[in-house]
Amino acid sequence: KAVIVAEKYSCVQEVVSIMSMLSVNNSIFYRPKDRAVHADNAKHNFARGGGGDHMLLLRCYSEWADTDFSTQWCYENFVQYRSMNRARDIYEQLEGLCERVELEMTSNPHDIDSICKAVAAGFFYNTAKLSKSGEYKTVKQQHTVYIHPSSCMARLEEPPRWLIYHELAFTTKEYMR
C-alpha cells in the first residue's frame, strides 16, 4: 500500500527503495567488535537529516546506488554487500511490478514528509503511541513495546510521540524495528 500511495506524493522510487531495504530483514549493517565505534559512526551518518530508520535505509540505498553499487563503498560504510544486492534485486522486481500496473516511478528525494506519509499509509496498523508513563503502546492491540536498541530512534533525547514500525521482535522485551 505504501508504494501505491507514494504515487500521490510523487515519491515512488524512494518508497520502493525503502520497501526493498526492509525486505532484507535487518541484515544491512555489520558491527565488527574491533571497529565498533567506526561502524556506529558510519550508521549514524545515514541517520542525519531525521526521518528515522526508514529514511536511514533510503539514504543508505541511495548513496550505494550513487556509487554504481560499489563493493568498496559497502566495506567502508560497514554495510553487507550481499544484503544490498538482495535489496537491489527486490527493488528491480518492485519496479517491474510498478511498470506492469502503470505506476509512474516518480522521485522526490528531498520531501521527507511525503515519503513518511506514504510509509505511514502502508504501515498504518504498525503504529505505536508514547503513553504518559513513557512507554509505547501499539494502537491496534495496546501492547507495550519498546524502541529496538539498534534503531537510530533509540539515541534521541526526546522520544517521538508516534512511531511506525516494520515488525515486532520479541527477546527480553517486545521491540519495534
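Everything quoted here is computed from the prediction, not taken from an experiment.

Q: What should I look at first to understand the packing of helix α2 (residues 12–22) against helix α6 (residues 81–100) in this one?
A: For any two helices packed against each other, the geometry is given by the interaxial angle and the distance between the axes. It is the contact of α2 with α6, at a shortest axis distance of 8 Å, that shows an interaxial angle of 135°. Classified by the interaxial angle, the pair formed by α2 and α6 is oblique. Note on packing geometry: the crossing formed by α2 with α6 is right-handed. Listed contacts from α6 to V12, Q13, V16, S17, M19, S20 and M21 of α2 are M84, A87, I90, Y91, L94 and C98.

Q: Would you mind going over the nonpolar core with me for this structure?
A: Burial of nonpolar side chains together is a common tendency in soluble globular proteins. Judged by nonpolar contacts, the single largest core of 45 residues is most densely connected at V15, M19 and M84. Elements that contribute at least two residues to this core include exactly α1 (2–8), α2, α4 (52–66), α5 (71–76), α6, α7 (112–122) and β3 (144–147). Not counting chain neighbours up to four residues away, the residues in contact with V15 comprise A2, V3, A6, I115 and A118.

Q: Looking at this structure, how should I read the side chain of H54?
A: Locating H54 in the fold gives a position in helix α4. Here H54 is in contact with I18, L22, V119 and I164, once residues within four sequence places are set aside.

Q: Help me understand the pairing of β3 in this model?
A: A regular strand places its side chains so that they alternate between the two faces of the sheet. Bridge count between strand β2 (residues 136–138) and β3: 2 bridges; the pairing is antiparallel. When the sheet's bridge partners are listed, K137 is paired in β3 with T144. As defined by bridge partners, β3 adjoins strand β6 (residues 174–176) across 2 bridges and the pair is classed as parallel. Looking at the pairing, I147 lines up with M176 of β6.

Q: How should I be thinking about the pairing of strand β1 (residues 127–130) in this particular structure?
A: Where β1 meets strand β4 (residues 162–164), 3 bridges bridge the pair, whose relative direction is antiparallel. What sits directly across from T127, in β4, is I164. Of the pairings in the sheet, the one linking β1 to β2 comprises 3 bridges and is antiparallel in character. Residue pairing in the sheet places K129 in a bridge with K137 of β2. Between the antiparallel neighbours β1 and β2 lie 5 residues, among them G134 with a positive phi of about 90°.

Q: Mind showing me how you'd approach unusual backbone geometry here?
A: A positive phi angle, near 55°, is found at F78, a position not held by glycine. Inspection of the secondary structure assignment puts F78 in the loop between α5 and α6. Residue classification places F78 among the buried positions, given a relative accessible area of 4%. Positive phi outside glycine occurs at E102, with the angle close to 60°. By the element assignment, E102 lies in the loop between α6 and α7.

Cut-offs used in this document
Residues numbered from 1 in each chain as written. Predicted model: local features only at pLDDT ≥ 70, side-chain atom pairs only at ≥ 80, totals over all residues. Heavy atoms only, no water. Axes fitted to C-alpha atoms, helices over the stretch in contact; angles between N-to-C directions. Helix = DSSP H or I, 4+ residues; strand = E, 2+ residues; numbered from the N terminus. Parallel < 35°, antiparallel > 145°, perpendicular 65-115°, else oblique. Left-handed = near helix turned anticlockwise from the far one by under 90°. Contact = heavy atoms within 4.5 Å. Core = buried A, V, L, I, M, F, W, Y, C linked by side-chain atoms within 4.5 Å. Buried < 20%, exposed > 50% of the residue type's maximum accessible area, 1.4 Å probe, protein only. Pairing = 2+ DSSP bridges.

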